[in-house]
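# Structural features, examined
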Amino acid sequence: MKINELHYSPFERGVKDLNSKDLECLRDVSEGWHIEYKREIPNPKTIAKSVSSFANTYGGWIFYGIGQRSDADPVAESFPGIDDADCEKKISSIKEAVKFHVSPSPFFEVFKIDGPNNIIGLGENRSIIGIFVPRSNTAPHIHSSGVIFSRVSDLSDPRPLNDRYLIDELFKRQEMLSEWYKRWQDRDPVFSNAEQEKCYFRFMLIADLSREKNDWRELNLSDLKKTLTKKDKKMPSIKFDAFYVSPSGFIAQQQGGG
């Protein structure tokens, strides 16, 4: 299990690398703030209700084809799964449910984990359908019923959000992100006296905050240098010849001119 500053995940690896063995850890993970279990796929409005509530709160994971032990102990216990023959149609219906019943539509990823896995009881030709929903920076996401839903502690069902302060905080999310970008844009790098008289070029590499893994943290100076010095006849590039790391990111300079 990992919890970072962006997203919670019960798994040690990303969505695209998951297999049925990874599901075994869910036997120790309770439904609540970040997790929802359903044996069957519900109606479109209920799907949209869950997705919007996770996006509006702290993000989370929805699993279809998993039954919980009990209300008192809501960990994953049974893994009946969904018939493989129906999965493609079900995944399409999930995407349409969010598209037509949530505004604005949040980012989410739908994935399928195939059986068999005898340890958890997931049979052959059966699969678990999951949805990863990150905490959204474009909140609030409003359900087609006109209600803003949120996750509340260990209550598995989304609840209408009627606290004016919390609603205002949702609206501030995008404003805060835009303000951060503006401050970066208005802040000049630290230059020497000689460099201050020269023109300079800056660009921002925006992290994909929607992903459940912080892949952007793996960017290093060597990779950046290779990217900026790569020769491409179709796309002329600036001839950078000096690269270094600063407290605010990477800096590439053109010292030789030309």
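Residues numbered from 1 in each chain as written. Predicted model: local features only at pLDDT ≥ 70, side-chain atom pairs only at ≥ 80, totals over all residues. Heavy atoms only, no water.

## Overview of the nonpolar core
- With 20 residues, the main nonpolar core has Leu23, Leu26, Trp61 and Phe63 as its most contacted residues.
- At the level of elements, strand E3 (35-38), strand E4 (60-64), strand E9 (109-114) and strand E10 (126-133) are the ones that each hand at least two residues to this core.
- Apart from the residues within four sequence positions on either side, Phe63 is in contact with Phe11, Leu26, Ile35, Glu36, Tyr37, Lys38, Phe111, Ile128, Ile129 and Gly130.
- Counting 19 residues, the second-largest nonpolar core is a separate cluster that includes Ile62, Tyr64, Ile91 and Ile131. (Core = buried A, V, L, I, M, F, W, Y, C linked by side-chain atoms within 4.5 Å. Buried < 20%, exposed > 50% of the residue type's maximum accessible area, 1.4 Å probe, protein only. Helix = DSSP H or I, 4+ residues; strand = E, 2+ residues; numbered from the N terminus. Contact = heavy atoms within 4.5 Å.)

## Observations regarding the environment of Leu122
- Along the chain, Leu122 turns up in the loop between E9 and E10.
- For Leu122, a relative accessible area of 0% corresponds to the buried category.
- Setting aside residues no more than four positions away along its own chain, Leu122 makes contact with Ser20, Leu23, Phe79, Pro80, Gly81, Ile113, Asp114, Gly115, Pro116, Asn117, Ser127 and Ile128.

## Observations concerning the packing of aromatic side chains
- Across all of its chains, the model carries 8 aromatic pairs by this definition.
- Ring geometry for Trp61 and Phe132: centres 4.8 Å apart, planes at 45°, overall tilted. Note that Trp61 is positioned in strand E4 and Phe132 in strand E10, a separation of 71 residues in sequence. Note on accessibility: Trp61 and Phe132 belong to one class, buried.
- Through pairs of rings, three or more aromatic residues link up here, namely Phe11, Tyr37, Trp61, Phe63, Phe111 and Phe132. (Phe/Tyr/Trp six-rings, centres within 6.5 Å; stacked < 30°, edge-to-face > 60°.)

## Some points on the pattern of salt bridges
- Under the counting rule described, the total for this entry stands at 7 salt bridges.
- Measuring nitrogen to oxygen at the nearest pair gives 2.8 Å for the salt bridge that ties Asp73 to Arg69.
- Taking the relative accessible area as the measure of exposure, Arg69 reaches 41% and is therefore partly exposed.
- Among the salt bridges present, the one from Glu77 reaches Arg69, with a minimum N-O distance of 3.6 Å.
- Of the residues examined, Glu77 reaches a relative accessible area of 42% and is grouped as partly exposed.
- Taken together, the salt bridges that share partners define one network made up of Arg69, Asp73 and Glu77. (Salt bridge = Lys/Arg side-chain N within 4 Å of Asp/Glu carboxyl O.)

## What to know about helix H2 (residues 84-101)
- End to end, H2 covers 26 Å across 18 residues, agreeing with the expected 26 Å (1.5 Å per residue, within 8%).
- Where H2 is concerned, the buried positions are Cys87, Ile91, Ile94, Ala97, Val98 and His101.
- Its side-chain oxygen 2.9 Å from the backbone nitrogen of Ala85, Asp83 forms the N-cap of H2. (Expected span 1.5 Å × (residues − 1). Polar contact = N/O pair within 3.5 Å; in protein donor to acceptor, adjacent residues only side chain to side chain.)

## Some points on the layout of surface pockets
- Volume-wise, the second largest pocket comes out at about 310 Å³.
- Along the wall of the second largest pocket there are 15 residues; nearest its centre are Asn56, Thr57, Tyr58, Leu166 and Arg173.
- Breaking the lining of the second largest pocket down by element, the ones donating at least two residues are strand E12 (149-152) and helix H3 (164-186).
- It is H3 that provides the largest number of residues to the lining of the second largest pocket, a total of 6 residues.
- Its residues assigned to classes, the lining of the second largest pocket shows 8 nonpolar, 3 polar and 4 charged. (1 Å grid on protein atoms, 1.4 Å probe; cavity = no way out; pocket = protein on both sides within 12 Å on 5 of 7 lines; lining within 4 Å. Points joined across faces, edges and corners; volume = space filled by probe spheres on them. Nonpolar A, V, L, I, M, F, W, Y, C, P; charged D, E, K, R; others polar.)

## Some words on the side chain of Ser9
- By the secondary structure assignment, Ser9 is in strand E2 (residues 8-9).
- For Ser9, the side chain forms a polar contact with the main-chain nitrogen of Phe11, separated by 3.1 Å.

## Examining the pairing of E3
- Taken together, the 4 bridges between E3 and E4 define a ladder with parallel strand orientation. Across the sheet, Glu36 pairs through a bridge with Ile62, a residue of E4.
- Where the polypeptide runs from E3 across helix H1 (residues 44-56) and back to E4, its parallel neighbour, the crossover connection is right-handed. (Pairing = 2+ DSSP bridges. Right-handed = clockwise from strand over helix to strand, strands pointing away.)

## Overview of the side chain of Ser50
- Among the structural elements, Ser50 can be located in helix H1.
- Using a relative accessible area of 3% as the deciding quantity, one classes Ser50 as buried.

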